[in-house]
Amino acid sequence: MNAVEPLAPIESVQDPEPTTRATRPDIAVVSGLERPLELAAPAAAGEAFGAPGIAPTWTSSDKDFVTTALNGSRLWATVGHGVINEVYWPSTGQPQIRDLTFYLVGEDRWIDLKRERRYRLWTPEPGLPALTVMHHGEDYQLTLEVLPDPLRDVLLVRYSLTGDFSLVVILAPHLGSSGRHNKAWIDDGVGYARGGPFHLCLAASVPLQHLSSGFVGASDGWQDLSHHGKLTYAFRSAADGTVAITGQAGNHHGVLALGFSGSAFGAHTLARTALAADFDALRAAFLQQWSAWGSTLNLPRPNETLGDAVELSAAVLKMHEDRSFPGAVVASLSVPWGNSTDSLGGYHLVWPRDATLTAFALLAATQYGDARNILAHLIATQRRDGRWPQNYFPNGEPYWTGTQLDEVGLPVLLAAKLAELGEPQLPGTAQMVRAAVEYIARSGPVSEQDRWEENPGVNPFTLAVAIAALIAAAPWLSAEEREYAVTLADDWNERLESWCYVEETPLARQHGVHGYYIRIAPPYQSGSCQVPLRNRHGKQIPLTELLSMDFSYLVRLGLRSALDPRIQDTIRVVEQVLRVDTPSGALYHRYNGDGYGERADGHAFDGEGIGRAWPLLVGERGHLALQSGEDPLSYLQTMWHTASAGGMLPEQVWDAAPIARLELLPGRPAGSAMPLVWAHAEFLKLMVARERGRPVEWLDSVSRHFGTHAIDRPGQAHVDKDTAAPLWHWRAEVPVLQLPSGKALAIEDRVPFTLHLGFDGWQRVKDRRAERRPAGLWSVSLGAEELAGSRELNFTRHFESGWENRDHRVMLGGGGPA
């Protein structure tokens, strides 16, 4: 299948400021350079000819904008390249079309507006997502008003065309989240499509002429225009394949309606009812709903551009909440590198981490009710053992089933934050917190996956969340559970550097520091000093050379001072190893050696690539600056400079030399997810933290326990609070190799066992049966007095299944963690 050569742009558009104002001060206007669409070469004629089984292709994940109505509607629309991209219905987890594209057909030429790249976008206000798209050329102007019907599951597009052209629309259904096995047909002047139990109807307020249904890449409308320069096909149906519906508007002014339902009759009725309603009245209702929601926002405005940006970011967070399942916030209404995949998941799934961080951002914006809805949804989707799936559809059905310990701890922190704000407790909160904390205590400090979903081990971000959760959960725990949770938190906090901090390495000497925090320490049983780099064909890197920004949450959550020399040294190394300078400003990679991003030649990630710079990490760096006593304004500006034409923050930006043919520009969005809700949440939280002088996630209970300050400044007096753990917990994943003098030791496991122990080379041998402890653990405790006077502890364990066939040794005495 040969690709059509991309058309050269008529108008060269410079990368604009992410948000600029038009001459009307109440309208935000942005413009952008967009990627050309590639379609198949023509095929032979015939009745709805083509290959029914053709592999479907999603649009690019690049998004100019996303929009949805509030209240009753269950439809979400995305806009990219000046056309409609995916439309989600009846849930944020279910994209139902690939795109709805627009073409102008004249006497002697036809224009593919997606390729022309000459358009402007605007909304009435940053927080009012009623989008207008204006395509313009020397002899034409097409204005599209995109409006999700606030009352129905219908997307409306009011259009107005000037010039000697006719408007042609091509709809590519992907019903059932896939282009496979769809059917399209024409009946009584409207187009229909069906995929599984889902149906849609394309209708208009004016006659749709030359209606045809065909197979993509063979008998669709684009092929018709490519062959004939006008619409000539009139196929009545195309069944069991990747299909498209084409029609030509019979007037220069009108309204298109795309209705969705569980039946063709229902989709037709909804579309026709929406067309019978007054568009301006529906738009007014749409705006009133969003105005009402935005009227309670309390956000800073350091300047006009950033003030508008933070309002838009708050709206983006709200737009990603499901209506069928309130409180379910998906990570992005996009499919990363969507033009090269047919994934059912994409990013339109709920990640508990992203959802909880979104809730914190909404709390920062004083939208307490929305944050409570997110917590309620998390309470409902928690699994019996206390954890959450790695990600899941908005209805709670797991998609990926891995476990990330930070995703278990963050809902606990959210519940604690709501309690500190004086919000009434939601039913089920106590049970959720206790189950989550039990899972953390039982499973930690090692996590099956880190926050980047790639490696097992002890990670500073994950561990910071787990420790803070153990402390913050105190009000919901019994006295015995609370005592155990606190001693475990203090143990992990005291030993954290023994796992995640390295000193006197070649990298440290190279950058003139004593040491730095690493990204992850593999589980002890692996016996490995190497960390596999995912998406890099098995390549490994020494754990002492692998850096990330993950240490930032040690400061964010109050476990370490921002001015701690270990933190400041790590910042210095990160600035040298992970930072990349772009025209948008300095950005950061997830970690050195990352393979999740486009290939070197710019082609889409396909299981292998090169990780690109992430704007959300600029926000994490900005929080570190804030907590070090600096003004983070420049970090906010950099984040916003990476935004798309419509103000959407991407997951990644291109950070290498420009590749013009793929329209990859340094500092501008790459092909990964956009918008990324996590990035918008981080941007909003940093904006509010700058004004209030403390991170949104900061908990008084945690800071009191560790004696830390939200912001540290040179010369500031500090309370040196002693949080040394009196008891250390030995576990096979994180064994104690050397126990400092004066500490007790608990030998723990998740199943019953008998401890066979001795001292100083198996002297004074004895057996002790493990006792049941909180969180479903079994433990043998050895007091400091019992251990005093001995040089080493020797032990092995006998389980119900037999001896473990391994001897362990703990050196006794000395002053530091091990």
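All figures in this text were calculated on a predicted structure; none of them were measured in a lab.

Our next topic: the overall build of the protein. When its secondary structure is counted, the protein shows 19 helices and 35 strands. Pairs at least 24 apart in sequence give 70% of the contacts found in the protein among residues at least 6 apart. Element-wise, carbon and sulfur atoms account for 50% of the exposed surface of the protein, whose accessible area totals about 28,200 Å².

On to the packing of helix 16 (residues 633-641) against helix 17 (residues 677-692), then. The interhelical angle for the contact between helix 16 and helix 17, taken along N-to-C directions, is 155°, at an axis separation of 10 Å. In terms of orientation, helix 16 lies roughly antiparallel with respect to helix 17. Crossing handedness for the pair helix 16 and helix 17: left-handed. Listed contacts from helix 17 to Leu633, Tyr635, Leu636, Met639 and Trp640 of helix 16 are Ala679, His680, Phe683, Leu686, Met687 and Arg690. Looking at the contact of helix 16 with helix 17 residue by residue, the class counts come to 9 nonpolar, 1 polar and 1 charged.

Here helix 6 (residues 352-364) is 13 residues long and its end C-alpha atoms lie 18 Å apart, about the 18 Å a rise of 1.5 Å per residue gives. Thr366 sits one or two residues past helix 6 and shows a positive phi near 65°.

In the structure shown here, the tally under the stated rule is 23 aromatic pairs. By way of ring pairs, the aromatic residues Tyr347, Trp351, Phe393, Tyr399 and Trp400 are connected into one cluster. Positioned over the ring face of Trp728 is Arg495, at 5.3 Å from the centre of the ring. One Lys or Arg, Arg519, reaches over the ring of Tyr591 and ends 4.0 Å from the middle of that ring.

What follows is about the side chain of Glu575. Considering the arrangement of structural elements, one finds Glu575 in helix 14 (residues 565-577). Residue contacts for Glu575: discarding those within four places in its chain leaves Tyr588 and Arg621.

On to the environment of Ser324, then. Relative to the assigned elements, Ser324 resides in the loop between helix 5 (304-319) and helix 6. Ser324 has contacts with Arg74 and Pro90, leaving out every residue within four places of it along the chain. Within the local environment of Ser324, its side chain forms a polar contact with the backbone oxygen of Pro90, the two atoms lying 2.9 Å apart.

Another point: unusual backbone geometry. Here the amide bond leading from Trp89 into Pro90 is cis, since omega sits at -5°, within 30 degrees of zero. Structurally, Pro90 can be placed in the loop between strand 5 (83-88) and strand 6 (95-105). That bond from Gly444 to Pro445 is cis: its omega, 0°, falls within 30 degrees of zero. Positive phi, close to 70°, is recorded for Ala775, a residue that is not glycine. Relative to the assigned elements, Ala775 resides in the loop between strand 31 (771-773) and strand 32 (777-782).

Owing to its 3.6 residues per turn, the α-helix aligns residues three or four sequence positions apart on the same side. The end-to-end C-alpha distance of helix 4 (residues 279-294), which contains 16 residues, comes to 22 Å, matching closely the 22 Å that a straight helix rising 1.5 Å per residue would cover. What helix 4 keeps buried is the set Phe279, Leu282, Phe286, Leu287, Gln289, Trp290 and Trp293. All buried residues of helix 4 fall inside an arc of 155° around its axis, so they share one side.

This part is about the sheet that holds strand 26 (residues 727-730). The 4 strands lie next to each other as 26-28-32-31, forming an open sheet whose pairing is mixed. Only two strands of the sheet have a single partner each, and these edge strands are strand 26 and strand 31. Going from strand to strand, the sheet's axes swing by 40° on average, the running direction of each strand aside. Bridge analysis of strand 26 against strand 28 (residues 744-749) gives 4 bridges, and the strand direction is parallel. The residue bridging Trp728 from the neighbouring strand is Leu745, located in strand 28. Sitting on the sheet, helix 11 (residues 479-500) is in contact with strand 26, strand 28, strand 31 and strand 32, with an inclination near 80° to strand 26.

Our focus in this paragraph is the pattern of salt bridges. This model, assessed by the stated rule, comprises 53 salt bridges. Put simply, Arg115 and Asp112 hold a salt bridge, and the shortest N to O gap is 3.3 Å. The exposure class of Arg115 is buried, given its relative accessible area of 1%. Look at Asp112 and you get buried, because its relative accessible area is 2%. Residue Arg495 pairs with Asp491 through a salt bridge whose shortest N-O separation is 3.4 Å. Of this pair, Arg495 and Asp491 both sit in helix 11, 4 residues apart, roughly one helical turn.

Glancing now at the pairing of strand 29 (residues 753-759). On a regular strand, each side chain points to the face opposite its neighbour's, so the side chains alternate between the two faces of the sheet. Of all 7 residues that make up strand 29, 5 are buried, and the element is covered over most of its length. In terms of strand pairing, strand 29 meets strand 33 (residues 792-799) through 7 bridges, oriented antiparallel. Looking across to strand 33, one finds that Thr754 is bridged to His798. Bridge analysis of strand 29 against strand 30 (residues 763-769) gives 5 bridges, and the strand direction is antiparallel. Along strand 30, the bridge assignment pairs His756 with Asp767. The hairpin formed by strand 29 and strand 30 contains 3 residues between the paired strands, and Asp760 there has a positive phi angle of roughly 50°.

Further remarks concern the nonpolar core. Grouped together as the largest cluster of nonpolar side chains are 226 residues, with contacts concentrated most on Phe102, Leu156, Leu413, Phe683 and Leu684. Broken down by element, this core gets its largest block of residues, 11 residues, from helix 10 (residues 460-472). Counting residues in each nonpolar core, the second largest holds 21 residues, with Trp728, Ile747, Leu787 and Val810 among its members.

With that out of the way, let us pick up the packing of helix 5 against helix 17. Relative to each other, helix 5 and helix 17 sit at 135°, their axes nearing to 9 Å. In terms of axis orientation, helix 5 runs oblique to helix 17. For helix 5 against helix 17, the interelement crossing comes out left-handed. Counted together, Leu306, Ala309, Val310, Ser313, Ala314, Val316 and Leu317 of helix 5 and Val677, His680, Ala681, Phe683, Leu684 and Met687 of helix 17 form the full contact between these two elements. Class assignment of the residues belonging to the contact of helix 5 with helix 17 gives a composition of 11 nonpolar, 2 polar and no charged.

The next thing to look at is the environment of Glu438. Structurally, the position occupied by Glu438 is in helix 9 (residues 429-443). Along the sequence, Glu438 and Gly386 sit 52 residues apart, while their C-alpha atoms lie 7.1 Å from each other. Apart from the residues within four sequence positions on either side, Glu438 is in contact with Glu481 and Ala775.

Below, the discussion takes up the environment of Leu533. By secondary structure assignment, the location of Leu533 is in the loop between strand 22 (530-532) and strand 23 (540-542). Sequence-wise, Leu533 and Glu454 are 79 residues apart; in three dimensions their C-alpha atoms are separated by 8.2 Å.

Bringing the confidence of the model for the protein into the picture now. For the protein, per-residue confidence averages 90 on the pLDDT scale, and residues scoring 70 or more make up 90% of the total. Per-residue pLDDT stays below 50 along residues 1-61; that stretch engages in 180 contacts with residues further than four places along the chain or on separate chains.

Criteria and thresholds
Residues numbered from 1 in each chain as written. Predicted model: local features only at pLDDT ≥ 70, side-chain atom pairs only at ≥ 80, totals over all residues. Heavy atoms only, no water. Helix = DSSP H or I, 4+ residues; strand = E, 2+ residues; numbered from the N terminus. Contact = heavy atoms within 4.5 Å. Areas by Shrake-Rupley, 256 points an atom, 1.4 Å probe, with all protein chains shown as cover. Axes fitted to C-alpha atoms, helices over the stretch in contact; angles between N-to-C directions. Parallel < 35°, antiparallel > 145°, perpendicular 65-115°, else oblique. Left-handed = near helix turned anticlockwise from the far one by under 90°. Nonpolar A, V, L, I, M, F, W, Y, C, P; charged D, E, K, R; others polar. Expected span 1.5 Å × (residues − 1). Phe/Tyr/Trp six-rings, centres within 6.5 Å; stacked < 30°, edge-to-face > 60°. Lys NZ or Arg CZ within 6 Å of the ring centre and 35° of its normal. Polar contact = N/O pair within 3.5 Å; in protein donor to acceptor, adjacent residues only side chain to side chain. Buried < 20%, exposed > 50% of the residue type's maximum accessible area, 1.4 Å probe, protein only. Arc of directions from axis to C-beta. Pairing = 2+ DSSP bridges. Salt bridge = Lys/Arg side-chain N within 4 Å of Asp/Glu carboxyl O. Core = buried A, V, L, I, M, F, W, Y, C linked by side-chain atoms within 4.5 Å. pLDDT = per-residue confidence, 0-100.

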